[in-house]
Amino acid sequence: MTAARPDTTDVLIPLPELQTQCAQVLQRLGVSVAHADAMARVIAAGQRDACASHGVYRLLTCAHTVRAGRVVLDAEPVVDAPGGPVVRVNAGFGFAPLAFERGLPHLVEAARTHGLAALAINHCFHFSALWPEVEAVTAHGLAALALTPSHAWVAPAGGRVPVFGTNPIAFGWPRPGPFPFVFDFATSAIARGDLELHRRAGTPLPEGCGVNAHGHPSTDAQAVADGAMLAFGGHKGSALAAMVKLMAGALVGDWTSRESLAFDAGAGAAPCHGELVLAFDPARLSGGNPAPNQARAEAMFEAITGQGTRLPSQRRYAARQRSAADGVRVPRALWDEVSALGA
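The shown structure was predicted, so the numbers you read here are calculated from the model rather than taken from an experiment.

Remarks on the sheet that holds strand β11 (residues 217–218)
Here four strands make up an open sheet; going across it, the order is β7-β12-β10-β11 and the pairing mixed. With partners counted over all chains shown, the strands left at the sheet margins are β7 (154–155) and β11, one partner each. Across two bridges, the pairing between strand β10 (residues 210–211) and β11 is antiparallel. Its bridge partner being in β11, Gly210 is matched across the sheet by Ser218.

Here's what the structure looks like:
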């Protein structure tokens, strides 16, 4: 069923099969069918795009979160869409992907009606990247901005005590053709998932990613996990992290990173908090004639790539095309580990 390349330590799995098997693993862990299917779509997409820290590896994070007993495995998201520009979804302390999927159609409708709209998701366990959310919005011809906090792992600029989460920001702009312009990055110097991969592999972190418990710079992943991660760009990244915390926490009526960590109480589960997704209709905001403005955007993209540089996500899209042709590549040892979950 799964074909192995004899000259590598990877397995190659067709994307539909990978989604099915990921969903089955999650169901064996006790996750409801609806949640498992939504989560599997996100996890398989991460692996498809060669995002190692947000792909199949995330099944291990989800399994630990389930065992920690914090997440509601069959939570039914409650959508509140009264017809205005604000759509709210109470995830009910369930995993985030299903709550987003339930709120997305209402967000799109609100953006087309009002020109811009906000989707506020509360009480969700968010474990994945944000680009799946913004790509889902750009697929409807809308621009998108997504923000979410996480556990308090990151110290503010000049400090050594964690206050912020990795607090990622993702933006998407619809383009002609199959691939939108998308960026998605943590405001920390390294994503938490990448730190965990370094810790598991016993490899050093790049310089400037974090400090140990005494506030001294360190490249040891475990020491940084026990100490504090750092924001990218010093005070600039720190300010952006604060913005994310305010916008996707206090603004939408949900927990801060420190409150999420307090709720976790040392269990090491995925963070529980809010998420904010904003959608913008270029047709409405441009005054009804978006074509010239789309041309301006394309001219900017050409000015970037014409210099031999790449746009954000181009490596992901190249990996996506390889996966479509050859199958999704998964390290054999990781696949064996996740396949045993819940068995």
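A few points about the nonpolar core
Formed by 33 residues in total, the largest nonpolar core has its most connected members in Leu18, Leu26, Val56, Leu59 and Phe95. Residues within four places of Val56 in sequence aside, it is in contact with Leu18, Cys22, Ile43, Gln47, Val330, Leu334, Trp335 and Val338. Val87, Trp131, Val277 and Ala279 belong to the second largest nonpolar core, which has 30 residues in total.

Describing unusual backbone geometry
Although it is not a glycine, Phe93 adopts a positive phi angle of roughly 65°. Here Phe93 shows up in strand β4 (residues 86–95). The backbone phi angle of Asn167 is positive, close to 40°, even though this residue is not glycine. For Asn167, the location among the structural elements is in the loop between β7 and β8 (169–173).

As for the pairing of strand β5 (residues 116–125)
Of all 10 residues in β5, eight are buried, a share of seventy percent or more. Taken together, the seven bridges between β4 and β5 define a ladder with parallel strand orientation. Note that in β5 the partner of Asn90 across the bridge is Asn122. What joins β4 to β5 is helix α4 (residues 96–114), and the crossover it makes is right-handed. Note that β5 and strand β13 (residues 272–280) share eight bridges and pair antiparallel. Paired with Phe125 across the strands is Cys272, a residue of β13.

What about the pattern of salt bridges?
Across all of its chains, the model carries 12 salt bridges by this definition. The closest approach of N and O atoms between Arg329 and Asp10, which form a salt bridge, is 3.2 Å. Of this pair, Arg329 sits in strand β14 (residues 328–331) while Asp10 sits in strand β2 (residues 10–13), placing them 319 residues apart in sequence. The exposure class of Asp10 is buried, given its relative accessible area of 14%. One network of salt bridges, in which partners are shared, links Arg48, Asp49, Glu135, Arg316 and Arg320.

Digging into helix α13 (residues 332–339)
Along an α-helix, residues three or four positions apart point the same way, because every turn accommodates 3.6 residues. Among all positions in α13, only Leu334, Trp335 and Val338 are buried. Summarising the axial view, the buried residues of α13 lie within an arc of 100°, below the 170-degree limit, and thus occupy one face. Elements in contact with the buried residues of α13: β2, α1 (15–28), α3 (58–68) and β14.

Criteria and cut-off values
Residues numbered from 1 in each chain as written. Predicted model: local features only at pLDDT ≥ 70, side-chain atom pairs only at ≥ 80, totals over all residues. Heavy atoms only, no water. Pairing = 2+ DSSP bridges. Helix = DSSP H or I, 4+ residues; strand = E, 2+ residues; numbered from the N terminus. Core = buried A, V, L, I, M, F, W, Y, C linked by side-chain atoms within 4.5 Å. Buried < 20%, exposed > 50% of the residue type's maximum accessible area, 1.4 Å probe, protein only. Contact = heavy atoms within 4.5 Å. Right-handed = clockwise from strand over helix to strand, strands pointing away. Salt bridge = Lys/Arg side-chain N within 4 Å of Asp/Glu carboxyl O. Arc of directions from axis to C-beta.

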